Amino acid sequence: WHHPRVVRAERSAGLQQPGTSGRAPLTAAMISVAQLEDLAEDKAKTFTKFLLTQPPAANGEDLLTIWEEVYDEEMQKVKIQTLNGPCDDETNRVFPYEKLQAVMKDGGNWKWPRMWQRFDEIERRGSAYRKGEKLHFNMPNKNPNIVEQRVLIVGGGPIGLRTAIEMAMAGHRVVIFEKRRELKDASGELTQLGFTNRINRPHMWPFVRNDLAKLNGKDFMSREASYPVFTEPDTSSIGIDELQCLLLKNALLLGVDFRLGVGYDNATIRTDPKNMMPTWEVECSYDDRSAAKYGKGKGKNVEVFDCLIGCDGPRSTVRDTQSKHFGNIEKRKFMDCVGIVANVRKVNRKRLKELGFEFGQEPGDMNRTKMVFKDFFKQITDKADADIENLIYYKASHHNYTILVPKRADLIKHGLSGKVYHFAAGRDKAADDARSEEKNKLKKYCRSVLQAASIPIDEQAENGGFVDAPNDCMAFDFAECWNTKKSIVFNLPPPGYDVEVDGPWMGRNLIPLVALAGDALLEPFWPMGLGLKRGWQAVMDTCYAVDNLYNREKYATRMGKDPATFSWEDHYEAHQAQVSQNFEFCNRLKISDELAKGEYDPKGVVLMQLLKKVKDAERPVFEVEVDPWTRYEPLMKELGDSWKTMSKDDAWVHSRVQKSLNMAAFYAEVGKGGKNGEITYEGKPLLSINGKVLPVFKGTGSVLGAASKPAPAPAPGAKLAAVPQGGGYVNPLEMQQLAKERQQAMAAMVQARAQASAPAPAPAPEAPSSVAR
């Protein structure tokens, strides 16, 4: 059986005649069910390996290597059906996870359908939002006015990766440059640290934890690694390497182009002479492996981007090369404060008992200051003769992480030089001087302090109880922090500007968007644990700035003006003012109480309205969003009074309440009722793999099922956003193309057979006509 449209398309293309079966013979242009099953099985095995790859057994480079096997050229050329027709990497893009799911399905793993569904639940904006898809839960596009940008993010740390993910969800084309490739000598000793070599553990804030849970954190991380992230609410922490690998898996599955071995050198502004639109000409360096992989020349190259974002840490090259745009860079000094990071090996239960720990159990996490825990620090002074201001102790899955903040004079008193470095240099020094006398003295000092604080460390273990260098023990200057005056800078001409029509540009110098985020923007004071808290806000603020570069309607509406008469000059002025205000709120941490707690206020409009509609409704978690009016307390107060007014109207439903109702209706339909929350997942239908189409079978329309069903009906009483459904859609242009491909394949096969059977190389005029017949 063939779909009637397929039959009509094939007949119109001359592929079959009325009355014939219409089933084309298996050719090189087709893939059989057996071949598809074998491919799916092989890919599922490799993908399983990809999901299980994580520290400390593996690093980010291992993950990238396996990804190349998972998403090879064959998988990149997979075609799947969308509501707008077959996917296309230029005009109708889909995410890599959608192509992989179409081939592998559940991979024989009951967790995979839920994993695919979590990816679907990540909110799309701009061109990434495809109208009518079920994955939107009947909610509208929050920003349909996004103009796609070519975005370069420099730095593959947590903030760079999270920024890339959020940019991809808006439809931007995102590239990450990360130059730090791990290098070892012939003996296996590190000569250059890689980009996921750090194992320090920043504090985990509730809204960051919610965000990572949304990104499959509990499934992409091992149970041991997940425990201190999702189970310890008061002292939650995560290893930088664990966080990077988690985010890297998401970034790759969401289509981010991560280029390892590529370094940013500089960027200059190039202006189009016709429309005056400025872009960044980025000078970058490719190492041997990256040059071969991407077909670039080794060493210096130049590439063009619309937006440049520096997420390259406190010694930012982007900030240094573009400093004139960001104003004076302040170097702050809080106090004479030395920080020591010591990562110690886990001690088994038997050895813990021998070391005097009752029941062989580790102590709970600690984050203590001398001002509050006077007796605790007096004990350290009495037992170790050490003057410590702060002590942090976080348990991890494979090691324990500690931070000590002593006075510099105390280090000198114990025979250390007192010389310290900024963190990056401190790590390099730790790698270079792993066996130095200074390092041994520092480890001895740390060991005595930890033992006095009743933190388990076994000096009989390898490396005296510390993990391997360079992450074992290092001292650096905690108080040296950098601060920029501006976070984001841009100055653009009006869209559609034409020099021939509008005359020469007479405005200020044009600047394509350039931004800083993470430690490149605001280097935090480590003991306060503010790195991720500020960093996540900077991620969202940067995405807000890029998303709304050309969204004139937004500010016109907010200011009560007509978008048609609201000038581009007015728009850019309003956008720059809002971007500056967002940075000020980020710097001062003016985030809302709900965001800080990661949950909605029980007396707030969302929970009160939701529980009024559904008494036993599941309470939604508070997730961080791009919109600053959902994150910053001063901006949320602007909306507070308007919500109070609207809530008096029984017909009005808060958007978060509506989404919860729609999601509940959706999961009521797809849920299987199992104890593990199994669901029936339906992805996008598979059309072809590397140009090979699937045979069509009775009752389905394709090997892997028909087009998607319409979205489920909403919960009783729910008010749905007016979004049309697209279930059952069959694109006639795609059918015509499929028929053409089959015709070409059959023609090539017949011609090849005719040539093979011919007695001598002579013209064969009958071959084409036989195909026509």
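Owing to the predicted nature of the structure, the values given are computational and were not obtained by experimental measurement. (Residues numbered from 1 in each chain as written. Predicted model: local features only at pLDDT ≥ 70, side-chain atom pairs only at ≥ 80, totals over all residues. Heavy atoms only, no water.)

Participant: Is there a simple way to think about the overall build of the protein chain in this case?
Facilitator: If you tally the helices and strands in the protein chain, you get 29 helices and 22 strands. Counting over 773 residues, the protein chain shows a buried share of 52%. (Helix = DSSP H or I, 4+ residues; strand = E, 2+ residues; numbered from the N terminus. Buried < 20%, exposed > 50% of the residue type's maximum accessible area, 1.4 Å probe, protein only.)

Participant: Looking at this structure, I do not really get the pairing of strand β21 (residues 686-689). What am I missing?
Facilitator: Where a strand is regular, its side chains alternate between the two sheet faces. Summarising the sheet, strand β1 (residues 78-82) and β21 pair through three bridges and their orientation is antiparallel. Bridge pairing in β21 links K79 to S688. Here β21 runs beside strand β22 (residues 692-693); their pairing, made up of two bridges, is antiparallel. Pairing of I689 across the sheet is with K692, part of β22. Linking β21 to β22, which pair antiparallel, is a turn of two residues; within it N690 sits at a positive phi near 55°. (Pairing = 2+ DSSP bridges.)

Participant: How should I be thinking about the pattern of salt bridges in this particular structure?
Facilitator: Side-chain pairing between opposite charges can occur once the charged atoms of the two side chains come close. Following the criterion strictly, the structure yields 45 salt bridges and no others. Note that D306 is salt-bridged to R150, the shortest N-O span being 2.9 Å. Placement of the pair is D306 in the loop between β10 (299-305) and β11 (307-310) and R150 in strand β3 (residues 150-154), with a sequence separation of 156 residues. According to the relative accessible area criterion, D306 is buried, its value standing at 15%. The class of R150 is partly exposed, set by a relative accessible area of 36%. For R180, the salt bridge is made with E178, and the minimal N-O distance between the two is 2.8 Å. On the basis of relative accessible area, R180 is assigned to the partly exposed category, the value being 29%. A single network of salt bridges, built from pairs that share partners, joins R125, R162, E166, D211, K214 and D547. (Salt bridge = Lys/Arg side-chain N within 4 Å of Asp/Glu carboxyl O.)

Participant: Would you mind going over the sheet that holds strand β15 (residues 388-395) with me for this structure?
Facilitator: Sheet strands pair by backbone hydrogen bonding; their relative direction is either parallel or antiparallel. If you walk across this open sheet you meet the five strands as β14-β15-β16-β13-β17, and the pairing is antiparallel. The sheet terminates laterally at β14 (366-369) and β17 (473-477), the two strands that pair on one side only. Taking the axes of each pair of neighbouring strands and ignoring which way they run, one obtains an average angle of 15° across the sheet. Across seven bridges, the pairing between β15 and strand β16 (residues 399-406) is antiparallel. Its bridge partner being in β16, N390 is matched across the sheet by V405. Against the sheet, helix α16 (residues 374-384) contacts β14 and β15, and its axis sits at roughly 100° relative to β15. Each of β13 (338-345), β15, β16 and β17 touches helix α19 (residues 437-452); the most contacted strand, β17, lies at about 95° to it. (Axes fitted to C-alpha atoms, helices over the stretch in contact; angles between N-to-C directions. Contact = heavy atoms within 4.5 Å.)

Participant: I'm lost on the nonpolar core in this one. Help?
Facilitator: Generally speaking, nonpolar side chains in soluble globular proteins are found buried as a group. Of all hydrophobic cores here, the largest spans 141 residues; its most connected members are F47, F50, L100, L212 and W536. Take this core: its biggest share by element is nine residues, from helix α21 (residues 531-547). Beyond its immediate sequence surroundings of up to four residues, F47 is in contact with V70, L100, M104, W112, M115, W116 and L253. The next biggest cluster of nonpolar side chains, apart from the first, holds 28 residues, and it includes A342, Y445, A452 and C473. (Core = buried A, V, L, I, M, F, W, Y, C linked by side-chain atoms within 4.5 Å.)

Participant: How should the packing of aromatic side chains be read in this particular structure?
Facilitator: Here the structure, examined in full by the defined rule, presents 24 aromatic pairs. Taking 4.8 Å as the distance between ring centres and 45° as the angle between the ring planes, the aromatic pair formed by Y600 and F622 counts as tilted. Taken together, the residues Y600 in the loop between α24 (593-597) and α25 (605-613) and F622 in the loop between α25 and α26 (633-646) connect sequence positions 22 residues apart. Three or more aromatic residues joined by ring pairs form one cluster here, namely F47, F50, W67, Y71, F95, Y97, W112, W116, F119 and F220. (Phe/Tyr/Trp six-rings, centres within 6.5 Å; stacked < 30°, edge-to-face > 60°.)

Participant: Honestly, the packing of helix α7 (residues 158-168) against helix α11 (residues 240-253) in this entry has me stumped. Any pointers?
Facilitator: Helix packing geometry: the angle between the two helix axes and the distance between the axes. Relative orientation of the contacting elements α7 and α11 amounts to 20°, with a least axis distance of 9 Å. Taken as axis vectors, α7 and α11 run roughly parallel relative to one another. For the pair α7 and α11, the sense of crossing is left-handed. Of α11, the residues touching α7 (which contributes P158, L161, R162 and I165) are I240, L243, Q244, L247, L248, N250 and A251. Looking at the contact of α7 with α11, its residues break down into eight nonpolar, two polar and one charged. (Parallel < 35°, antiparallel > 145°, perpendicular 65-115°, else oblique. Left-handed = near helix turned anticlockwise from the far one by under 90°. Nonpolar A, V, L, I, M, F, W, Y, C, P; charged D, E, K, R; others polar.)

Participant: What should I look at first to understand the pairing of β17 in this one?
Facilitator: Among the five residues in β17, five count as buried, and that is most of the element. On β17, burial covers both faces: C473, A475 and D477 on one face and M474 and F476 on the other are all buried. Pairing of β13 with β17, which is carried by five bridges, proceeds in the antiparallel orientation. Following the sheet pairing, V338 is matched in β17 by D477.

Participant: Where do I start with unusual backbone geometry in this structure?
Facilitator: The phi angle of most residues is negative, glycine excepted, and most peptide bonds adopt the trans form. P56 follows P55 through a cis peptide bond whose omega is 0°. Looking at the secondary structure, you find P56 in the loop between α2 (33-52) and α3 (60-70). Cis geometry is adopted by the peptide bond preceding P470, which originates at A469 and carries an omega value of 10°. Counting through the fold element by element, P470 comes out in the loop between α19 and β17. Here the phi dihedral of L589 falls at roughly 55°; this positive angle occurs in a residue that is not glycine. Relative to the elements of secondary structure, L589 occurs in the loop between α23 (568-587) and α24. The phi dihedral of N690 falls on the positive side, at around 55°, and the residue is not glycine. Structurally, the position occupied by N690 is in the loop between β21 and β22. N690 gets classed as partly exposed once you look at its relative accessible area, which sits at 36%.

Participant: Which parts of the structure should I look at to understand the environment of V344?
Facilitator: As for its position among the elements, V344 is in strand β13. The class of V344 is buried, set by a relative accessible area of 0%. Each C-alpha atom of the pair V344 and F466 lies 4.1 Å from the other, and the pair is 122 residues apart in sequence. When residues no more than four places from it in sequence are discounted, the contact partners of V344 are H399, N400, L450, P456, I457, G465, F466 and V467.

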